[in-house]
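An overview of the molecular structure
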Amino acid sequence: MNKTAIRTLQRVLAEAGTYQGAIDGIRGPLTRQAVEAMLESHADKLPAGAGKWSERRRAIACLQIGCLEREIEVGPIDGLWGPQTDFAADALAELFATGEPPRPWRDPPQRDANPNGWPREASISEVFGQPCEVPQVTVPCPWPLVLAWDLQTRVSGIGCHRRVAESLERVLARVHDHYGSERLKELGLHRYGGCHNCRRKRGGSSWSTHAWAIAIDWDPSHNKLRWGRDRARLARPEYDTWWEIWEEEGWISLGRARNFDWMHVQAARL
């Protein structure tokens, strides 16, 4: 359990009335005592043999019970940290932080739209040609952009593959009409992370969609590659319309589709 999960556990224990310590993400004596007190009062939810579990496993079971009591699907109360518990713990952390359960995020209906006929990643070369040496045009952005890694350097436009330029221009215009320049800056959407980059995928051997100049990164410092919806800024509700506009043109958000690399949007299907 990391500190975020332990803080969530401590919130569960505090609301159950067994913990009065600091919400500090440290599984110390007070937290361990509170876990035992809560599990004792919820013994009917535990399977046979739970009394022999390790302290860590009993703490996870306590967190699982906290999810279950708040109608967050967590699977069996087994004290094991699998994918379902990991997802449920994130959902519970968001519930505590916002007062509301997380919104559904997988497979939003807009992602089915593909009016421009963007190819799947496996077929990119058939539509966009070979990577790296691509025909580029610059699409002006209706709001001021700066380089994400050098906020003093302004960007006049986005250099992209000419095949996606008209679609990109429509997206940017609609985004600007909806949010306006000041709001876009407040949201960090003036921090441009780049489009064309002749490189392989990070951690992989296949070409990145950036090598065809059909992908754009936005505000990378607040939407890092491995961050999920619990940390990435672009996963927040105020960005819903941003993503819907892209998706209506057939562009894909890796964050919305795969819950990683929330900075990234591409004109290629997965």
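A brief report on the enclosed structure follows. (Residues numbered from 1 in each chain as written. Predicted model: local features only at pLDDT ≥ 70, side-chain atom pairs only at ≥ 80, totals over all residues. Heavy atoms only, no water.)

A separate point is the nonpolar core. If you look at the biggest cluster of nonpolar residues, it comprises 44 residues, and the most contacted ones within it are Ile216, Trp218, Trp242, Trp246 and Trp251. Counting only elements with at least two residues in this core, the list comes to α5 (124–128), β1 (136–147), β2 (150–161), α6 (165–179), β4 (215–218) and α8 (240–248). Beyond its immediate stretch of four places on either side in the chain, Trp242 contacts Trp143, Val175, Tyr179, Leu189, Trp218 and Leu234. Grouped together as the second largest cluster of nonpolar side chains are 26 residues, Leu9, Met38, Val74 and Ala91 included. (Core = buried A, V, L, I, M, F, W, Y, C linked by side-chain atoms within 4.5 Å. Buried < 20%, exposed > 50% of the residue type's maximum accessible area, 1.4 Å probe, protein only. Helix = DSSP H or I, 4+ residues; strand = E, 2+ residues; numbered from the N terminus. Contact = heavy atoms within 4.5 Å.)

This next bit is on the environment of Arg258. Summarising the element assignment, Arg258 is placed in helix α9 (residues 254–258). With relative accessibility at 48%, the residue Arg258 sits in the partly exposed group. Placed 112 residues apart in sequence, Arg258 and Val146 show a C-alpha to C-alpha distance of 27 Å.

Further remarks concern the environment of Ala235. Its location among the elements puts Ala235 in the loop between β4 and α8. Residue Ala235 is classed as buried on the basis of its relative accessible area of 14%. For the pair Ala235 and Trp262, spaced 27 residues apart in sequence, the C-alpha separation works out to 7.1 Å.

Right, let's talk about the pairing of β1 for a bit. Side-chain positions along a regular strand alternate between the two faces of the sheet. Pairing of β1 with β2, which is carried by eight bridges, proceeds in the antiparallel orientation. Residue Gln136 lies in a different strand from β2, and its bridge partner there is His161. Hairpin geometry of β1 and β2 is characterised by an intervening segment of two residues between the two adjacent antiparallel strands. For β1 and strand β3 (residues 191–194), the ladder comprises two bridges, and the chain directions are parallel. Residue pairing across strands places Val146 opposite Arg191, the latter belonging to β3. (Pairing = 2+ DSSP bridges.)

Quick look at the side chain of His42 now. Structurally, His42 can be placed in the loop between α2 (29–41) and α3 (55–69). Assessed through its relative accessible area of 11%, His42 is described here as buried. Beyond its immediate chain neighbours, meaning those up to four positions away, His42 contacts Ile65 and Glu69.

Using the criterion set out here, one finds nine aromatic pairs in the structure. An angle of 70 degrees between the planes, with centres 5.6 Å apart, marks the rings of Trp242 and Trp246 as edge-to-face. Taken together, the residues span about one helical turn, with Trp242 and Trp246 both in helix α8 at a distance of four residues. Judged by centre distance (5.0 Å) and plane angle (70 degrees), the rings of Trp246 and Trp251 are edge-to-face. (Phe/Tyr/Trp six-rings, centres within 6.5 Å; stacked < 30°, edge-to-face > 60°.)

Contact geometry for α6 and α8: axes closest at 9 Å, N-to-C directions at 155 degrees. Classified by the angle between their axes, α6 and α8 sit roughly antiparallel to one another. Considering only the axes of α6 and α8, their crossing is right-handed. Contacts between α6 and α8 involve Leu168, Val171, Arg174, Val175, His178 and Tyr179 from the former and Asp240, Thr241, Trp242, Ile245, Trp246 and Glu248 from the latter. For the contact of α6 with α8, the per-class residue count stands at seven nonpolar, two polar and three charged. (Axes fitted to C-alpha atoms, helices over the stretch in contact; angles between N-to-C directions. Parallel < 35°, antiparallel > 145°, perpendicular 65-115°, else oblique. Left-handed = near helix turned anticlockwise from the far one by under 90°. Nonpolar A, V, L, I, M, F, W, Y, C, P; charged D, E, K, R; others polar.)

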